[in-house]
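What the coordinates show
Here is how the chains run, residue by residue.
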Amino acid sequence: MNTYKKHYDVIVVGAGHAGCEAALAAARMGCETLIVTINLDTIAKMSCNPAIGGLAKGHLVKEIDALGGEMAKNIDKTGIQFRRLNTKKGPAVRSSRAQADKKAYQDEMKRVLEAQQQLDIKQVLVEELLVENGRCIGILSQTKTAYFGETVILTTGTFLKGIIHIGDVSYSAGRAGESSAEKLSESFLSLGFEIGRLKTGTPPRVNAQTVDFSEMEIQPGDEKPLPFSFLTERITQPQLPCYLTYTNQHTHKVIHENLHRSAMYSGRIVGIGPRYCPSIEDKVVRFAEKTEHQVFVEPEGRDTDEIYLNGISASLPEDVQVEMVHSIKGLENAEIMRFGYAVEYDFAPATQLQPTLETKEVPRLYFAGQLNGTTGYEEAAAQGLMAGINAALKVKGENPLILDRSQAYIAVLIDDLVTLDIREPYRMFTSRAEYRLALREDNADLRLTEIGRHIGLVDDNRYHRFQRKAVAIQTELGRLQETLLKPTPTTLNNLASILETGELKQPTSLAELLKRPELHYEQITQIVPPSENLPPAVTEQVEIQIKYDGYIQRQQRQIHQFKKLENFRIPDTFDYTDVQGLKTEAREKLAKIRPASIGQASRLPGVSPADISILTVILHQQNAKQRSAGSKSRQQKRKGSHKNLFIEGFR
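Everything numeric in this text was worked out from a predicted model, so none of it was measured. (Residues numbered from 1 in each chain as written. Predicted model: local features only at pLDDT ≥ 70, side-chain atom pairs only at ≥ 80, totals over all residues. Heavy atoms only, no water.)

A closer look at helix H12 (residues 460-482)
Quick note on the threshold: A run of H or I in DSSP counts as a helix once it spans at least four residues, and a run of E counts as a strand once it spans at least two, with each numbered from the N terminus. Here the expected span of a helix is defined as 1.5 Å times the quantity of residues minus one. Contact criterion: two residues are considered in contact whenever any of their non-hydrogen atoms come within 4.5 Å of each other.
Across its 23 residues, H12 extends 33 Å between first and last C-alpha, which sits within 8% of the 33 Å expected from 1.5 Å per residue. As for H12, its buried residues are in contact with helix H2 (57-67), helix H11 (444-455), strand E23 (508-509), helix H14 (510-514), helix H15 (521-527) and helix H16 (536-547).

Quick look at unusual backbone geometry
Put simply, the test is: For each residue, the accessible area found with a 1.4 Å probe, counting protein chains only, is set against the maximum for its type, and the residue is called buried under 20%, exposed over 50%, and partly exposed in between.
Look at Asn86: it is not a glycine, yet its phi comes out positive at around 60°. As for its placement among the helices and strands, Asn86 is situated in the loop between strand E5 (79-85) and strand E6 (95-100). Residue classification places Asn86 among the partly exposed residues on the basis of a relative accessible area of 25%. Even without being a glycine, Asp421 presents a positive backbone phi close to 55°.

Thoughts on the sheet that holds strand E12 (residues 169-172)
Our working definition: By this definition, two strands are paired if DSSP reports at least two bridges between them. Convention adopted: a line fitted to C-alpha atoms gives each axis, helices being fitted over their contacting stretch, and angles between N-to-C directions are expressed from 0 to 180 degrees.
In space, the 4 strands of this open sheet follow the order E12-E11-E20-E13, with antiparallel pairing throughout. The open sheet terminates on both sides in strands that have one partner only, identified here as E12 and strand E13 (196-202). Within this sheet the neighbouring strands show an average axis-to-axis angle of 25°, counted without direction. For strand E11 (residues 163-166) and strand E20 (residues 341-347), the ladder comprises 3 bridges, and the chain directions are antiparallel. Across the sheet, the residue bridging to His165 is Ala342, located in E20.

What about the sheet that holds strand E19 (residues 336-338)?
Spatially, E15-E16-E17-E18-E14-E19 is the arrangement adopted by the 6 strands of the open sheet, whose pairing is antiparallel. If you trace the sheet from one side to the other, it starts and ends with strand E15 (217-219) and E19, each paired once. Neighbouring strand axes in the sheet, compared pairwise and without regard to direction, differ in orientation by 35° on average. Of the strand pairs in this sheet, strand E14 (residues 205-207) and strand E18 (residues 306-310) are connected by 3 bridges, and their pairing is antiparallel. Bridge pairing in E18 links Asn207 to Glu306.

Considerations on the environment of Val579
Its place among the elements puts Val579 in the loop between helix H17 (549-567) and helix H18 (584-593). Residue classification places Val579 among the buried positions, given a relative accessible area of 3%. Once the C-alpha coordinates of Val579 and Leu615 are considered, the two residues, 36 residues apart in sequence, prove to be 7.5 Å apart. Once you skip the residues sitting within four places of it in the chain, Val579 turns out to touch Phe574, Arg587, Ile614 and Ile618.

Points about the pairing of strand E10 (residues 145-154)
With 8 of its 10 residues buried, E10 lies for the most part within the structure. As defined by bridge partners, strand E1 (residues 2-3) adjoins E10 across 2 bridges and the pair is classed as parallel. What sits directly across from Thr3, in E10, is Ala146. Bridge count for strand E2 (residues 8-13) against E10 is 5 bridges, and the pairing is parallel. Across the sheet, the residue bridging to Val13 is Leu154, located in E10. In the sheet, strand E9 (residues 135-141) pairs with E10 via 3 bridges, with the strands oriented antiparallel. When the bridges of E10 are listed, Gly138 appears paired with Phe148. Counting the residues that bridge the hairpin from E9 to E10 gives 3 residues, and of these Lys144 lies at a positive phi of roughly 65°.

Side note on the pattern of salt bridges
We count it as follows: Should a side-chain nitrogen of Lys or Arg be within 4 Å of a carboxyl oxygen of Asp or Glu, the pair is scored as a salt bridge.
In this structure the tally under the stated criterion is 46 salt bridges. Two residues, Arg97 and Glu298, come together in a salt bridge whose shortest N-O distance is 3.2 Å. With Arg97 in strand E6 and Glu298 in strand E17 (residues 294-299), this pair connects stretches of sequence that are 201 residues apart. Assessed through its relative accessible area of 19%, Arg97 is described here as buried. Across the pair Asp319 and Arg261 runs a salt bridge, and its minimum N-O distance is 3.1 Å. You can see Asp319 sitting in helix H8 (residues 318-326) and its partner Arg261 sitting in the loop between helix H6 (249-257) and helix H7 (280-286), a full 58 residues away along the chain. With a relative accessible area of 45%, Asp319 lands in the partly exposed category. Its relative accessible area of 30% is what places Arg261 among the partly exposed residues.

Treat this as a map of the structure, not an account of what it does.
Structure, rendered in C-alpha cells:
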C-alpha cells in the first residue's frame, strides 16, 4: 500500500452535486480538502433532467445560496430558461426553476472547483474506507494508494454496485457509459452499516433536427427571469423555449403489450423507485384511467441537438422505446440518441446518521446525497453543503451546525432522513415543511445569511449587500407603518382616482392600506413615494411581510412552541429500556434512532403522544434530581470554603 504524501482535513468521495458543495464548503472554511471522483469529465454531471429547482427544490437552492453554496450562482450563469412556478398562489409555495445548459453547467462547476484555494481534485476510484480505533482516517484507492484525512465525506450517488437495466439487458454501471463502484459497499458492510437497494431512471434523448416542434405547445421562459442567487443582479443570456406534448392511447398500448419485457415488471429490479417521479411503465399501470401523460420536451444545451423527453423515463427494451417515442405527437420521426434506462444502486438508510450527517457507527465519516436515499440534484447539494460545513467544524473543534425545521427546508430534509427511516427515494415538497410560510424562497437570505457569515462561508461583499437589503426593508416597513393618511377631501380624491378602493373613515397608515387585498406596493407609492427607488427584492419583502403579517405572527407562535420541544434535550446516554410504560415499538424506535430532543422523538413513527408524555415526565424527574444533586454539591463546597476561611482566620 502506498501513502499519499499530503494529509487532508476533509476528503470528499464523489464529485456530483453533493460532492461539489461539500468540497467547496470545507475548503472555503479554511480546511485542506481533497475531492476524488471516478471521472474528472463528469464533475457536476446532470445524469437525469438538465434542470435546477422546481416546486420546493427551488427553496433548497435559494437556501444553499444564502449559506454560501455554489449551485444558485452556477445555474444563473448557465441556465437557458428561467420560470417562476405557482405565481398565482401564495408566496409560501412559489418556486423557481431553470433549464440548464448541461455541459456548460458541468464546465463552470469544474472551473470553480479548480480555482478554489486549499482544494485538490483527483481522478480516483475508491474501494475501501480506512478505519483505525473505530474512527475513519482515510480512503484506499483501486491502485492501493491510501489518502489520509481528519474527516471523510461519501457522496457516491448511484455508483455503489450500480446496475443499468434496459429491457432484458443488465450491466454494471453507475451511469450509462460509466463504471460502478463495486467494492466500497463491502467496506460499509464490514463496518456494520446497513445497506439497501433503490432504483431511479432516465428517459430517452432525441435529436432536435428530427422533432416537429410545430405539433407541440411552446413553453417559453419568463419575460423578466428572476435569478436564483441573491448575488446575481439579473439574467442577461437569451432564453430557449421548451415544448409540451402528450402520450396517447396508442403509446399506452405499446407499453402494456411489452410490460413483460420491462426490467421493472419482469422482476429483475428489486430496488424501490421514486414514488413521485415514476417511470412511464408505472404511470400507465398505476393510472390506467388516464388517456394521456405530459411529455416536456427540453433542450439539453445551446450547442447540442440533444433533447430530453421529461416524463417518459423507461426501462423498456430499445425497440419498444423507439415505437413508444414514435407514437407521440411531434416525435413521429424522432431519432433516439440515447436510450432511457433504469439504474439500481446501494444506499445507506440515513437513520444511521446524526443530524450533522456524521455516521453514528464510525466517527468522522459523513454521508450525503443519493447515498442517503434522496433523489434530485437539489436535495443532494443541500446535504453536501451541510456535510462539508460540519466536517470542517469538526476539524476546527467547533460546535456543529444543526438547523431546525423552523429555519430551513434543508433542516426539514435532513430531519426527515435521520428520523423517519425512509426506504424509498426521498423528494422535497412544500407540504413537508410545517412552517412553510416562514420558509419562503424570497426570505432565504434573511433566514440564513447571518449563519453563513458566522461559519465563514459568507464573504464581506455578500454580507455588506445583505446588510444593506435588510436595513432597506426595515426602513421601508417603518415608513409605511408611520405614515398616516387622513381622510381629507384631497386624499379621498386621490384614492378614488388612483386606487379605486373604499373610502377612508379615519386616519390610516400606508401599511394598513397595503393590507387591502386589491392593493399592491406600487399603488401605495403613487400616494406617498419613498425617498429613493427601492430594488424589487426589497419591495417584495415589504409587501409580503405587511400583507401576511397576521399569518406570519401566528406561525411564529407555533414556531415558539416547537422550539420548546426542540430545546428539551435527551442525553446521548439515556437508557430507554428502564422507562416503564413505553410501548415496545416506541422503546425500539427510540433506542435505534436515539433522538436528540423531545421534538425529534415526537416525530418518530411508532412513538405516540402517550409515549412522549411518559418520556417527558421521566426526563423532568431526572433533571430535577441532577439539579438537586448539583445544589447539594455547591452547598458542601461553600461550607468547606467557609471552614477553610475560619481556620485561616484562626491561625
